[in-house]
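One letter stands for each residue in the lines below.
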Amino acid sequence: KLQSDVSQSLQTYLKANNVSTLLQEEYWVEDVASHVDIFLALASQKVIIEVDGPRHFFPGTREYKPKNKLREKILNQTHKFTKLVRIPYYEWDEL
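Report follows, based on the coordinates.

This part covers the overall build of the protein. The helix and strand inventory of the protein stands at three helices and four strands. Ordered by position from the N terminus, the helices and strands of the protein form the series α-β-β-β-α-β-α. Taken over the C-alpha trace, the protein has a radius of gyration of 14 Å; the compact-globule value for 95 residues is 12 Å, and the two agree within 12%. C-alpha atoms of the protein, sized along the principal axes, occupy 40 × 30 × 15 Å.

If you want it as structure tokens, here you go:
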């Protein structure tokens, strides 16, 4: 649900601002043999957006679990993307 909310909000924003882009949920990244939550291809940038729910963190904290830190490191090393954006659930909830 959280991922869909972020994706829909992003699509609405891009459309309202006449931004031409490709937005795809559950995008397969061959280099890491895994899906990313959202892939966004703008004119000059390729952006990965990871939407991080509570299970990505240690219980009762805002500290990422080790596997999520490793995933971020691997995604950043692919060099096929301009930017990796992480949206933690607690920041989205505050909007």
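Scanning all chains against the criterion turns up seven salt bridges. For Lys1, the salt bridge goes to Asp5, with nearest N and O atoms at 2.9 Å. Judged by relative accessible area, which is 23%, Asp5 ranks as partly exposed. Residue Glu94 is joined to Arg62 by a salt bridge in which the shortest nitrogen-to-oxygen separation is 3.7 Å. Separated by 32 residues along the polypeptide, Glu94 in helix H3 (residues 89-94) and Arg62 in the loop between strand S3 (46-52) and helix H2 (66-77) bring together distant segments of the chain. Its relative accessible area of 53% is what places Arg62 among the exposed residues.

Attention now goes to the pairing of S3. A large share of S3 lies buried, amounting to six of its seven residues. Relative to S3, strand S2 (residues 34-41) is paired through four bridges, and the arrangement is antiparallel. The partner of Phe39 across the bridge, within S3, is Ile48. From the end of S2 to the start of S3, which pair antiparallel, there are four residues. Summarising the sheet, S3 and strand S4 (residues 83-88) pair through six bridges and their orientation is parallel.

A separate point is the sheet that holds S3. The strand order across the open sheet built from four strands is S1-S2-S3-S4, with neighbouring strands paired in mixed fashion. Pairing within the sheet leaves two strands with one partner each, and these edge strands are strand S1 (22-29) and S4. Ignoring strand direction, the axes of neighbouring strands in this sheet form an average angle of 35°. Bridge count for S1 against S2 is seven bridges, and the pairing is antiparallel. Considered in S2, the bridge of Val29 is made with Ser34. Contacts from helix H1 (residues 2-16) reach S1, S2, S3 and S4, with the element oriented near 145° to S1.

Calculation notes
- One numbering rule holds for all chains: residues counted from 1, following each sequence as written.
- Only residues with pLDDT of at least 70 are given local features in this predicted model, and only at 80 or more are side-chain atom pairs given and counted; all residues enter the totals for whole chains, interfaces and linings.
- Hydrogens and water are ignored here; the side-chain numbers use all heavy atoms of the structure.
- Helix and strand assignments follow DSSP, with helices taken as H or I runs no shorter than four residues and strands as E runs no shorter than two, numbered in order from the N terminus.
- Atoms counted for the radius of gyration: C-alpha only. Globule rule: 2.2 Å times residue count to the power 0.38.
- We count a salt bridge whenever a side-chain nitrogen from Lys or Arg sits within 4 Å of a carboxyl oxygen from Asp or Glu.
- Whether a residue is buried, partly exposed or exposed follows from its accessible area with a 1.4 Å probe, protein chains only, as a fraction of its type maximum: under 20%, in between, or over 50%, in that order.
- Here, strands pair whenever DSSP counts at least two bridges between them.
- The angle between two axes is taken between their N-to-C directions and runs from 0 to 180 degrees, where each axis is a line fitted to C-alpha atoms and a helix contributes only its stretch in contact.
- The contact definition used throughout considers only heavy atoms, calling two residues in contact when any of these lie within 4.5 Å.

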